[in-house]
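Coordinate inspection notes
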Amino acid sequence: MTQPANDLPTLRETVARHGLDARKSLGQHFLLDPTICARIAAAAGPMQGQHVLEVGPGPGGLTRELLATTAERVLAVELDRRAVAALAELAARHPGRLEVREADALTIDPAAALPAPRKIVANLPYNVATPLLVGWLRGAAAIASMTLMFQQEVAERITAAPGTEMYGRLGVLAQWRCRTTLLISLPPGAFTPPPKVWSAVVGLIPHPEDPGPALFAAMERLTAAAFGQRRKMLRGSLKSLGDPEGLLAEAGIEGTRRAETLSIAEFDRLARILHART
């Protein structure tokens, strides 16, 4: 039975008690405002019966709000041993609902770590946010939704439309696999310590169709080549894939176009042709 958490120390008291000064090497910027943490938890949508993965909980502000929902269970993965100790008090008040695991989140497979249905909700450490997202996109078929905090620029890249300056490889991969929405923007002062940039929460809901690992790998190869030399025409930037003219002709795409002009559907067409050729 979950015990009331109103006797818990404040987040700032928790930080002081456990010497949890944010470390740049870990990309840490803590959210200590319960109202903001509650907004992020609410943005993740209905939680009834959900098993939630949180990465980088720090002193546990977002963790507390996730536990205040109807989520079945929360798995908090934390690399910083100081934060693991700080979260022990919270875990004691939520027996069976909160597991704190000291681990590198890059080594955690959500599908193996939690039963379905699964959601991921996290204020991501800046230094590993992009590789974490790409890894989760590979396994997005096993995830109900992701509600993730990034630097604002990264969030804009994830949600960018074709033909815009921010549109690139990350946006194509994310939008190919998920419906993406920029949900909340937060100024530096919302964090302790304040980062130098704004941050934003992105919602990602996976599309029903699962392309599978081989087609996903083909899309990764395609987007890496296309945006690796984004100023080049596609007939030049795709040379590393072999026979770019034939690939583009089969997809009905002009070789004089550039990567940022292609829609997600056009990238999908190219990736499927590339996959069929390998």
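So, here's what we can say about the structure.

**Quick look at unusual backbone geometry**
The peptide bond linking Ala116 to Pro117 adopts the cis configuration, its omega dihedral lying at -5°. Along the polypeptide, Pro117 turns up in the loop between helix 5 (110-113) and strand 5 (118-123). Across the junction of Thr192 and Pro193, the peptide omega takes the value -10°, indicating a cis bond. Along the chain, Pro193 falls in the loop between strand 8 (191-192) and strand 9 (199-206). For Asp243, which is not glycine, the phi torsion reads 50° and is therefore positive. The residue Asp243 is located in the loop between helix 10 (234-237) and helix 11 (244-251) in this model. Note on Asp243: relative accessible area 46%, which makes it partly exposed.

**Regarding the side chain of Gln175**
Note on placement: Gln175 falls in helix 8 (residues 169-177). What makes Gln175 buried here is its relative accessible area of 17%. Sequence-distant contacts of Gln175, that is, excluding residues within four places in its chain, are made with Ile158, Thr159, Ala160, Thr180, His207 and Ile264.

**Focus on the pairing of strand 3 (residues 73-78)**
Within strand 3, six of the six residues are buried, which leaves the element mostly enclosed by the surrounding structure. The side-chain alternation of strand 3 yields two buried faces, one formed by Arg73, Leu75 and Val77 and the other by Val74, Ala76 and Glu78. Where strand 2 (residues 51-55) and strand 3 come together, five bridges link them in parallel fashion. Each residue of the ladder has a partner; that of Val52, found in strand 3, is Val74. The pairing of strand 3 with strand 4 (residues 98-102) spans five bridges and is classified as parallel. In the sheet register, Glu78 faces strand 4, and the bridge partner there is Glu102. In terms of handedness, the path from strand 3 via helix 4 (residues 81-93) over to strand 4 forms a crossover that is right-handed.

About the cut-offs
Throughout, residues of each chain are indexed from 1 in the direction in which the sequence is written. Totals for whole chains, interfaces and linings use all residues, but because this is a predicted model, local features are given only for residues with pLDDT of at least 70 and pairs of side-chain atoms are given and counted only at 80 or more. Heavy atoms from the whole structure form the basis of all side-chain values; hydrogens and water molecules are not counted. Helix and strand assignments come from DSSP, with helices taken as H or I runs of at least 4 residues and strands as E runs of at least 2, each series counted from the N terminus. Partly exposed describes any residue whose relative accessible area lies between the buried limit of under 20% and the exposed limit of over 50%, with all areas from a 1.4 Å probe on protein chains only and scaled to the type maximum. The contact criterion used is simple: two residues touch if any of their non-hydrogen atoms lie within 4.5 Å. Strand pairing is assigned whenever DSSP detects at least two bridges linking the two strands. Here, the term right-handed applies to a crossover whose path from the first strand over the helix to the second runs clockwise when the strands point away from the viewer.

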